[in-house]
Amino acid sequence: MRVAFIGDIVGKPGRDMLKTHLQKMKIEYQLDLVIANYENASHGFGLTKKNCEELLDYGIDVMTGGNHSWDKKDIFELYKTKPLIRPINYPDNSPGKGLIEIDILGNSVAIINVMGNYTMPMVDNPFIIVDKVVDELKDRGIKHIIIDIHAEATSEKITMMHIVKDRVSAIFGTHTHVGTDDLSIINGCCYLSDVGLTGCRDGVIGMDKEIPIRRSLTGVGGHFNIPKKCQSIFQLVIFELNKDGRATSAKKIKIYDNSEVVIFDARIENY
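Read on for a plain summary of the structure. Here, residues in each chain are numbered from 1, in the same order as that chain's written sequence. Restriction of local features to residues with pLDDT of at least 70 applies here, the model being predicted, together with a cutoff of 80 or more for giving and counting side-chain atom pairs; totals for whole chains, interfaces and linings are based on all residues. Only heavy atoms go into the side-chain values, all of them from the structure, while hydrogens and water stay out.

## Brief notes about the packing of helix α4 (residues 126–139) against helix α5 (residues 154–164)
Axis geometry follows a simple rule: fit a line to the C-alpha atoms, using only the stretch in contact for helices, then measure angles between N-to-C directions, giving values from 0 to 180 degrees. Each helix is a run of H or I in the DSSP string that is no shorter than four residues. Each strand is a run of E no shorter than two, and both are numbered from the N terminus. Interaxial distance between α4 and α5 falls to 10 Å at its minimum, and their mutual angle equals 30°. Between α4 and α5, the interaxial angle falls into the category roughly parallel. Our pair here, α4 against α5, has a crossing hand that is right-handed. Contact with α4, carried on its side by Pro-126, Phe-127, Val-130, Asp-131 and Val-134, involves Glu-156, Thr-159, Met-160, Ile-163 and Val-164 of α5 and no other residues of that element. Ten residue types, Ala, Val, Leu, Ile, Met, Phe, Trp, Tyr, Cys and Pro, are classed as nonpolar, four, Asp, Glu, Lys and Arg, as charged, and the remainder, Gly among them, as polar. Grouping the amino acids of the contact of α4 with α5 by side-chain chemistry returns seven nonpolar, one polar and two charged. Working definition: roughly parallel below 35 degrees, roughly antiparallel above 145 degrees, roughly perpendicular at 65 to 115 degrees, and oblique for all remaining angles. Crossing handedness is defined as follows: a turn of the near helix away from the far one that is anticlockwise and smaller than a right angle gives a left-handed crossing, while the clockwise case is right-handed. Contacts were defined at the residue level, with two residues in contact if any of their heavy atoms lie within 4.5 Å.

## Considerations on the sheet that holds strand β7 (residues 170–174)
Overall, mixed pairing links the seven strands, which are arranged β4-β5-β6-β7-β9-β8-β14 in an open sheet. Looking at which strands have only one partner, the edges of the open sheet turn out to be β4 (99–104) and β14 (267–269). Sheet twist, expressed as the average angle between the axes of neighbouring strands with direction ignored, equals 20°. For strand β8 (residues 184–186) and β14, the ladder comprises three bridges, and the chain directions are parallel. Opposite Ile-185, over in β14, you have Ile-268 as the bridge partner. In the packing of α4 onto the sheet, the strands contacted are β4, β5 (107–115) and β6 (144–150), and the crossing angle to β5 comes to about 170°. The criterion for strand pairing is that DSSP finds at least two bridges linking the strands in question.

Written out as structure tokens, the structure is:
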């Protein structure tokens, strides 16, 4: 089974990069499943119905959220009809769900979305909840389990990896929009602290740089905006899972808007 994971899609520049490249990537790499994070897809904050349908049309199969999941009110109805999830450690009575199960090539694949604690909205303990949910999935015989941990702190993401790495297929960090270089397969679990954004790369975390600079120099903030023109990037991880749900290979791919492509393979380790 070959799976692609795309991190935070930021605004129209991010959606445009998916429109340009995703279908070609699906054919070239014979992808069976594409997962992406939607929480910044509509002008940087949340997801509208129009943009949801747009992204699904481009070839995304399942979308995960984060702290901006609720920013567009369209999302409440979309959770009922579209393959969208939000962090599983929000209260049980919050709209949507934090886990989705789909069938891929005769295998039941579980995708979990969870949010960290540091600087994030108040949610339940992510480690205890994921530990319990993963055990429940394994007890049901589900071997293919993929986690999006939406968190600020890399230490939280790495801690999560150590807790569940022997029981899940892959763990990918989102939220910071800045890609890390620690792509690894550890005991058969594909891990990356942050996949990085798909969108503008020449501003600040996909946004126009004017407001962040002003805030840093003067303390006066403002609303972050997506630039109308920018230099953009498309980032994703493609990984392969065997019949037991263990990762056997993985690569990070970065495609720039000038057609430059950078690819590096995962380091395989055991500890």
